[in-house]
Amino acid sequence: MTAALRIVVVYPDLLGTYGDGGNGLILARRAQWRGVEAELTQAPSDAPLPGADIYCLGGGEDGPQVRASRSLMEDGVLARRVDEGAVVLAVCAGYQIVGKQFPGADGAVHEGVGLLDIATSKGAGPRAVGEVVAEATGVALPALTGFENHGGSTTLAPGAVPLAHVVKGTGNGDGTGTEGAVCGHVLGTYLHGPVLARNPALADLLLRWALDGASLAPLDDSAEDALRQERLGAARQARRRQSRRRQK
Amino acid sequence: MRFHLAVLTTRAVNATSRRLGRGQGTVAGGRSGLKVDPRLLEHLTSGREVSLVTGTNGKTTTTRLLAVALGARGDRVVSNETGSNMPPGHVAALAGHRAATRAVLEVDEIYLPRVLAATRATCVVLLNLSRDQLDRTNEVRMVAGNWRAALAAAPHVTVVANADDPLVAWAAGAAARVRWVAVGLGWQLDAVGCPSCEGRIAFAPDGSWACVTGCGFTRPAPAVTLTATDHGTTFHGVWVDGRAEQITLALPGRFNYANALMAAVAAEAQGIDAGSALAAMGSVDAVAGRFTTRTVAGVPTRLILAKNPAGWSELLDLVAEDDGPIVISINARTADGADPSWLWDVPFERLAARVVVATGDRCRDLSVRLRYAGVDHVMEADPISAVGVAASGADRDRCVDVIGNYTAFGELLGARA
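Note that the coordinates shown come from a computational prediction; the quantities given were computed from them, not determined experimentally.

Parameters at a glance
Residues numbered from 1 in each chain as written. Chains lettered and ligands numbered in written order. Predicted model: local features only at pLDDT ≥ 70, side-chain atom pairs only at ≥ 80, totals over all residues. Buried ≥ 20, exposed ≤ 12 C-beta atoms within 10 Å, placed from the backbone. Helix = DSSP H or I, 4+ residues; strand = E, 2+ residues; numbered from the N terminus. Arc of directions from axis to C-beta. Contact = placed C-beta atoms within 7 Å. Pairing = 2+ DSSP bridges. Axes fitted to C-alpha atoms, helices over the stretch in contact; angles between N-to-C directions. pLDDT = per-residue confidence, 0-100. Nonpolar A, V, L, I, M, F, W, Y, C, P; charged D, E, K, R; others polar. Core = buried A, V, L, I, M, F, W, Y, C linked by C-beta atoms within 7 Å. Domains from an automatic or database assignment. Parallel < 35°, antiparallel > 145°, perpendicular 65-115°, else oblique.

Student: In this structure, what is going on with helix 14 (residues 383-392) of chain B? I would like to understand it.
Tutor: The periodicity of an α-helix, 3.6 residues per turn, causes residues three or four positions apart to be oriented the same way. Residues and elements named next belong to chain B. Every buried residue of helix 14 is accounted for by Pro383, Ala386, Val387, Ala390 and Ala391. Down the axis of helix 14, the buried side of the element spans an arc of 135 degrees, and every buried residue falls inside it. In this structure, the buried side of helix 14 is in contact with strand 12 (293-296), strand 13 (299-305), strand 14 (326-329), strand 15 (356-359), strand 17 (400-404) and helix 15 (406-413).

Student: I'm lost on the sheet that holds strand 13 (residues 186-189) of chain A in this one. Help?
Tutor: Adjacent strands of a sheet form backbone hydrogen bonds with each other and so pair up, either parallel or antiparallel. Residue and element names in this part refer to chain A. Taken in spatial order, the nine strands of this open sheet run 2-1-3-4-13-12-11-8-9, and their pairing is mixed. Each edge of the sheet is formed by a strand with only one pairing partner; in this case those strands are strand 2 (38-43) and strand 9 (144-150). Pairwise comparison of adjacent strand axes, ignoring direction, gives a mean angle of 25 degrees for this sheet. Judged from the four bridges that link them, strand 8 (residues 128-136) and strand 11 (residues 161-168) form a sheet pairing that is antiparallel. Bridge pairing links Val133 to Lys168 in strand 11. With respect to the sheet, helix 6 (residues 200-210) is in contact with strand 1 (5-10), strand 3 (54-57) and strand 4 (87-91), its orientation differing from that of strand 4 by roughly 150 degrees. Against the sheet, helix 7 (residues 222-247) touches strand 8, strand 9 and strand 11, its axis set at about 110 degrees to strand 8.

Student: Explain unusual backbone geometry to me, please; I cannot follow it from the model alone.
Tutor: Backbone phi values are negative for most residues with the exception of glycine, while trans is the configuration of most peptide bonds. A cis amide bond links Gly193(A) to the next residue, Pro194(A), at an omega of -10 degrees. Residue Tyr11(A) is not a glycine yet carries a positive backbone phi of 50 degrees. For Tyr11(A), the position within the fold is in the loop between strand 1 and helix 1 (22-32). Its 28 C-beta neighbours within 10 Å are what place Tyr11(A) among the buried residues. Despite not being glycine, Arg120(B) has its phi angle at roughly 45 degrees, a positive value.

Student: What's the story with the sheet that holds strand 16 (residues 377-379) of chain B in this structure? I'm lost.
Tutor: Residue and element names in this part refer to chain B. Read from one edge of the open sheet, six strands run 12-13-17-14-15-16, paired in mixed fashion. The open sheet has two free edges, formed respectively by strand 12 and strand 16, since each of these has just one partner strand. Between one strand axis and the next, the sheet turns by 30 degrees as a mean value, whatever way the strands run. Pairing geometry for strand 14 and strand 15, over four bridges, is parallel. Bridge assignment links Ser329 to a residue of strand 15, and that residue is Thr359. With respect to the sheet, helix 14 is in contact with strand 12, strand 13, strand 14, strand 15, strand 16 and strand 17, its orientation differing from that of strand 14 by roughly 160 degrees.

Student: I'm lost on the confidence of the model for chain B in this one. Help?
Tutor: The predicted coordinates of low-pLDDT regions are not to be read in fine detail. Averaged over every residue, the pLDDT of chain B is 91; residues scoring 70 or more account for 98%. Here the prediction assigns the complex a pTM of 0.88, and the interface score ipTM is 0.96.

Student: Would you explain the interface of chain B and chain A in this entry?
Tutor: A common way to report how large an interface is uses the accessible area buried once the components associate. Taken together, the contact between chain B and chain A spans 25 residues of the former and 33 residues of the latter. Every element with two or more residues in the side of chain B that touches chain A is listed here: helix 7 (134-137) and helix 13 (363-373) of chain B. Per-element tally for the side of chain B that touches chain A: the top contributor is helix 13 of chain B, with six residues. Residue composition of the side of chain B that touches chain A, grouped by class: nine nonpolar, five polar and eleven charged.

Student: Whenever I open this one, the nonpolar core confuses me. Can you help?
Tutor: When a protein is soluble and globular, its nonpolar side chains tend to lie buried together. Of all hydrophobic cores here, the largest spans 206 residues; its most connected members are Val88(A), Leu206(A), Leu52(B), Ala69(B), Leu261(B), Met262(B) and Ala263(B). Ranked by the residues each element gives to this core, the list is headed by helix 10 (residues 254-269) of chain B, at eleven residues. Residues from two domains meet in this core; each of domain 1 (42-70 + 110-281) and domain 2 (293-413) of chain B gives at least three. The residues contacting Ala69(B), other than those within four sequence positions of it, are Ala263(B), Ala264(B), Ala267(B), Ile272(B), Ala277(B), Ala280(B) and Met281(B).

Student: Would you mind showing me how to read the domain arrangement of chain B here?
Tutor: Residue and element names in this part refer to chain B. Domain boundaries assigned for chain B yield domain 1 (42-70 + 110-281) and domain 2 (293-413). Taking the mean C-alpha position of each, domain 1 and domain 2 sit 28 Å from one another. The interface of domain 1 with domain 2 comprises 16 residues on the first partner and 13 residues on the second. It is helix 7 that contributes the most residues to the side of domain 1 that touches domain 2, three residues altogether. Class assignment of the residues belonging to the side of domain 1 that touches domain 2 gives a composition of four nonpolar, seven polar and five charged.

Student: What is the right way to read the packing of helix 2 (residues 27-36) of chain B against helix 5 (residues 87-96) of chain B from this model?
Tutor: For any two helices packed against each other, the geometry is given by the interaxial angle and the distance between the axes. Residues and elements named next belong to chain B. Packing of helix 2 against helix 5 leaves a shortest axis separation of 7 Å and a crossing angle of 95 degrees. The angle between helix 2 and helix 5 falls in the class roughly perpendicular. Counting all contacts with helix 2, which are made through Val27, Gly29, Gly30, Arg31, Gly33 and Leu34, the residues of helix 5 involved are Pro87, Pro88, Gly89, Val91, Ala92 and Ala95. Of the residues assigned to the contact of helix 2 with helix 5, the class counts are seven nonpolar, four polar and one charged.

Below, the structure written as structure tokens:
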């Protein structure tokens, strides 16, 4: 590879509410630790979006989310780079705005960037807040762990494949039991944590996509594995407590 | 009748719970009292002059400073000084001090509208608003909107508001009377989206700000400004009429000078000279155990509370002045918020050259964060043992900075010497 791998955190000033900026840092470090030159850029919403190989979008509030979607569409770089093969990791509000449509603070329907064939509406039930465990179905990965905090219900159209099947938590919340969506190299999810801190295998999948399938040397992920075991174990315990309560 | 029974119940349950050693006895009694008389908060504040203090960071300290200032002339002041900042904590404090003519209440951000309506407070201090416990509060803009509606419905209130925080300015803008104070805003990332029009707020290097999308929302002209001179070691409050008051505190950190000035302006709004108010605050050296130096497991420590990215970014300035070992304890219990993702918003990279021990219920989350921040560290799940580990490589009398989020801090405060 001649040029450095360019990783851009998209609009941290609007889509940085839930610590998802960590995803960009994790991708950059995991590339660098393997000797792959990587350049991490925080791209603010008042400047043109720089060209990149991986774009990370995070969670944000309803108002700023509308602003972010509008700016991305006016700017046009994100959609163009995806056509050229760029990888996108979109989380929560970021996941919603890369879809076809999403609800604003007032409940009005807003047009999304349209990179994923999904549509989000305001969920009928209470806001989905809590730990999530999901078995990956759309990609080959170990169980996904994360924390969700959203009020949207996301429906997948035939052009998008569910990322995972929910074991604990809500996920897409459209009654199908699915979580997240994948279309080509665009991957969306509701999981915070940030998601790549708790699922390093997902980080490596995105890196392989960006590096045209190059194989990646293994890393010492004992810290991440300890965190995963703890979170997956806590979720199992919570599920057992819940089913015991139901039996009573 | 019901009211008197409720007061007796509150006191009796508190006394019992203190005797049994079940904590400081503030919440249990308050809950019982509210069950007997659901309007107990309203009844207990009737006839008293009430001030409310809220915001993401600095509530407990500012409440304490304001209570001290209001008591400077000899008035009896009641305050929920342990940081129990929801109605059970309020009624517990108020029921215990019936003779006090003034009340200063720290209020949880979410509860401000309810507590304002019940207490008919005459003064509300709005410090700042940023991400904290998002699993409970969801969105800071929603909180700002609720404050705004509550203040619009309370024309008798004087609001003392941080003009440098756009979300606070948005909320206070609906109030009838506002004293704007410019005390700075260390964490601006939650305020970039304009709360007025969904446009974009731009900050100038001097801290002033305006919506650049053109809705006209801009920083209100401050009546009082916090200034720092002598490389940030000397602080003054400067009033628009040219008056200046030096602020001298026994508490560390720039953020505490901001808290003190907010409290001084709130005292002034209640007829107390700002200079005397600030003079009274100078004697406060620890608030609810914060910034106290104490011995934990035989090791001299400085206990510090930091529970969200805004608090942490202010605190790293304070901690960076030293080069001793640091213990960081992170929990994610109910009072902390269940999602520690916010650790990734804290610039821990600044601790790269320090001895760091990660501890607490969620030390594994912290350990992964520190790994990507390039901070070498040791993980020790038990907080007390962690203090020992941190001290083991340092000089015997070296003070260890122990920084915890809410329940982690409380645990260490209760630890044996």
